[in-house]
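# Notes for the structure review
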Amino acid sequence: MSSDLPSDVHAVLTQLAEEGETAITAAEFDTARQTVATAETVSRNKLPECELRSQLLHGCEQVSAALDTNAHDAAAEYLRAMNRRLAAVDDDSLSE
């Protein structure tokens, strides 16, 4: 089953990924953790079971793990990858 990503959910997830990356750049790691936790909650609760949902949840896990081990560059790169994936959704529909 295919469905479109609601524009409000897309906007929120994009904003959270951008804010998380900005927080990491500013060495505000607690803020980054909170932002990623919110993105995980939104992904889990607002996206249907699909590849995008799985990818975003995996990205959130990896960002959290990277922050826990002080791998801040890796955490920021995961957030950039999540943003690229969200940007690609503009032309795609969700697939199971």
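The paragraphs below set out a description of the structure included in this document. (Residues numbered from 1 in each chain as written. Predicted model: local features only at pLDDT ≥ 70, side-chain atom pairs only at ≥ 80, totals over all residues. Heavy atoms only, no water.)

### Things to note about the overall build of the protein
As a reminder, the rule being used: Secondary structure elements follow DSSP: runs of H or I of four or more residues count as helices, runs of E of two or more count as strands, with numbering from the N terminus. Exposed residues in this analysis have more than 50% of their type's maximum accessible area, buried residues have under 20%, and partly exposed residues fall in between, with area computed by a 1.4 Å probe over protein chains only. Contacts are assigned to residue pairs that have any heavy atoms within 4.5 Å of one another. The accessible surface values rely on the Shrake-Rupley method and a 1.4 Å probe; as for residues, cover is taken only from the protein chains in view.
When helices and strands are tallied, the protein shows four helices and zero strands. Its helices and strands taken in sequence order, the protein reads α-α-α-α from the N to the C terminus. Counting all 96 residues of the protein, 38% fall into the buried class. Long-range pairs, those at least 24 residues apart, make up 65% of the contacts in the protein with a sequence separation of at least 6. About 5,400 Å² of surface is accessible on the protein, with carbon and sulfur atoms providing 47% of the total.

### Some details on the nonpolar core
Just so we agree on the cut-off: By convention a nonpolar core is built from buried Ala, Val, Leu, Ile, Met, Phe, Trp, Tyr and Cys residues, the set being connected through side-chain atoms within 4.5 Å.
Counting 25 residues, the largest nonpolar core has Leu5, Leu13, Ile24, Leu56, Val63 and Leu79 as its most contacted members. Secondary-structure elements contributing two or more residues to this core are helix 1 (7-25), helix 2 (29-46), helix 3 (51-68) and helix 4 (72-89). Those residues in contact with isoleucine 24 that lie beyond four places of it in its chain are Phe29, Ala32, Leu67, His72, Ala75, Ala76 and Leu79.

### Concerning unusual backbone geometry
You will see that alanine 27, though not glycine, has its phi angle at about 60 degrees, which is positive. Its place among the elements puts alanine 27 in the loop between helix 1 and helix 2. Phi angles above zero are rare outside glycine, and asparagine 70 is one such case at about 60 degrees. In this fold, asparagine 70 is placed in the loop between helix 3 and helix 4.

### Some points on the packing of helix 2 against helix 3
To describe two helices that pack against each other, one gives the angle between their axes and the distance between the axes. Which entries qualify depends on this criterion: Only the stretch in contact is used when a helix axis is fitted, and all axes are lines through C-alpha atoms; the angle between N-to-C directions ranges over 0 to 180 degrees. Oblique is the label for any angle not under 35 degrees, not over 145, and not in the 65 to 115 range, which are roughly parallel, roughly antiparallel and roughly perpendicular in turn. For a crossing to be left-handed, the near helix must be turned anticlockwise from the far one by less than a right angle; the clockwise case is right-handed. For this scheme, ten residues count as nonpolar: Ala, Val, Leu, Ile, Met, Phe, Trp, Tyr, Cys and Pro. Four count as charged, namely Asp, Glu, Lys and Arg, and the remainder, Gly too, count as polar.
Viewed as axis vectors pointing N to C, helix 2 and helix 3 meet at an angle of 160 degrees, and their least axial separation amounts to 9 Å. As judged from the angle between their axes, helix 2 and helix 3 are roughly antiparallel. Judged by the twist between their axes, the crossing of helix 2 over helix 3 is left-handed. Only Arg53, Leu56, Leu57, Cys60, Val63, Ser64, Leu67 and Asp68 of helix 3 make contact with helix 2, whose side of the interface consists of Phe29, Ala32, Arg33, Val36, Ala39, Glu40, Ser43 and Arg44. Looking at the contact of helix 2 with helix 3 residue by residue, the classes come out as nine nonpolar, two polar and five charged.

### Section: the pattern of salt bridges
Using the following cut-off: Here, a salt bridge means any Lys or Arg side-chain nitrogen found within 4 Å of an Asp or Glu carboxyl oxygen.
Following the criterion strictly, the structure yields seven salt bridges and no others. The closest approach of N and O atoms between arginine 80 and glutamate 21, which form a salt bridge, is 2.8 Å. Here arginine 80, found in helix 4, pairs with glutamate 21, found in helix 1; they are 59 residues apart in sequence, far enough to count as distant. Looking at arginine 80, the relative accessible area reads 29%, which means it is partly exposed. Between glutamate 77 and arginine 80 there is a salt bridge whose closest N-O contact spans 3.0 Å.

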